[in-house]
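Okay, here's what each chain looks like letter by letter:
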Amino acid sequence: QVQLVESGGGLVQAGGSLRLSCAASGRTFSSYAMGWFRQAPGKEREFVAGTTRGGGSTYYGDSVKGRFTISRDNAKNTVYLQMNSLKPEDTAVYYCAAGPLVVTSASNYYGWGQGTQVTVSS
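Keep in mind that what you see is a predicted model, and the values were worked out from it rather than measured.

### A few points about the state of the cysteines
Tallying each qualifying case throughout the model produces one disulfide. Across a sulfur-sulfur distance of 1.9 Å, Cys22 and Cys96 are joined as a disulfide pair. Since a negative S-S torsion denotes a left-handed disulfide, the Cys22-Cys96 link at about 55° is right-handed. Of this pair, Cys22 sits in strand β3 (residues 18–24) while Cys96 sits in strand β9 (residues 92–99); the two residues are 74 residues apart in sequence, bridging distant segments of the chain. Accessibility expressed as a relative area gives 0% for Cys22, which makes it buried.

Shown next, in the form of structure tokens:
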């Protein structure tokens, strides 16, 4: 099973940017679709972005379209989330996940990282 470790979270002012990274263990990273999710206190886990195995197709949640960009480097076993024009409502714990397909349902994914906190101040 793939193991994932997120990094890059932190505190940023509204309008700022952050880049999250998710490093995967194992030699089968390219066989997984990858997704980013987030969860704010008291809220359900929300699909943020996803990318197919080769990175040729990407998908975004409506709340982040045009501001966030997902990418992957299969040679480095890493998926990234570039977050621009951050808003206070983007504050959450961000998780990366691995699964067979890019879908918005968290239950589709079977490998999860521990999460990284992103806090956007107003």
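Still more ground to cover, so stick around.
### Things to note about the side chain of Arg72
Here Arg72 lies in strand β7 (residues 68–73). A distance of 2.8 Å separates the side chain of Arg72 from the backbone oxygen of Thr52, its partner in a polar contact. In this structure the side chain of Arg72 is engaged in a polar contact, spanning 2.8 Å, whose partner is the side chain of Asn74. Ignoring anything within four residues of it in the chain, the contact list for Arg72 reads Phe29, Ser30, Tyr32, Ala33, Met34, Thr51, Thr52, Arg53, Gly54, Gly55, Thr78 and Val79.

### Section: the sheet that holds β7
Taken together, four strands build an open sheet; the order of strands is β1-β3-β8-β7 and the sheet is antiparallel. Bordering the open sheet on either side are β1 (4–7) and β7, each of which pairs with just one other strand. Going across the sheet, the axis of each strand differs from the next one's by a mean of 15°, ignoring polarity. Note: β1 against β3, four bridges, orientation antiparallel. Opposite Leu4, over in β3, you have Ala24 as the bridge partner.

### Looking at the environment of Asn77
Looking at the secondary structure, you find Asn77 in the loop between β7 and β8 (78–83). Here Asn77 falls in the buried class, since its relative accessible area comes to 17%. Spatially, the C-alpha atom of Asn77 lies 20 Å from that of Val103, the residues being 26 residues apart in sequence.

### Points about the pattern of salt bridges
Pairing between side chains of opposite charge can happen when their charged atoms approach one another. Overall, the coordinates contain four salt bridges when judged by the stated rule. Where Asp90 meets Arg38, a salt bridge forms, and the shortest distance between an N and an O atom there is 2.8 Å. Placement of the pair is Asp90 in the loop between β8 and β9 and Arg38 in strand β4 (residues 33–39), with a sequence separation of 52 residues. Taking relative accessible area as the criterion, Asp90 reaches 1% and is therefore assigned buried. Judged by its relative accessible area of 5%, Arg38 falls in the buried class. Linking Arg67 and Asp90 is a salt bridge whose minimum nitrogen-to-oxygen distance equals 2.7 Å. Of this pair, Arg67 sits in the loop between β6 (58–60) and β7 while Asp90 sits in the loop between β8 and β9, placing them 23 residues apart in sequence.

Basis of the calculations
- Residues numbered from 1 in each chain as written.
- Predicted model: local features only at pLDDT ≥ 70, side-chain atom pairs only at ≥ 80, totals over all residues.
- Heavy atoms only, no water.
- Disulfide = S-S within 2.5 Å.
- Helix = DSSP H or I, 4+ residues; strand = E, 2+ residues; numbered from the N terminus.
- Buried < 20%, exposed > 50% of the residue type's maximum accessible area, 1.4 Å probe, protein only.
- Polar contact = N/O pair within 3.5 Å; in protein donor to acceptor, adjacent residues only side chain to side chain.
- Contact = heavy atoms within 4.5 Å.
- Pairing = 2+ DSSP bridges.
- Axes fitted to C-alpha atoms, helices over the stretch in contact; angles between N-to-C directions.
- Salt bridge = Lys/Arg side-chain N within 4 Å of Asp/Glu carboxyl O.

Note that all results are geometric; they support no functional claim without further evidence.
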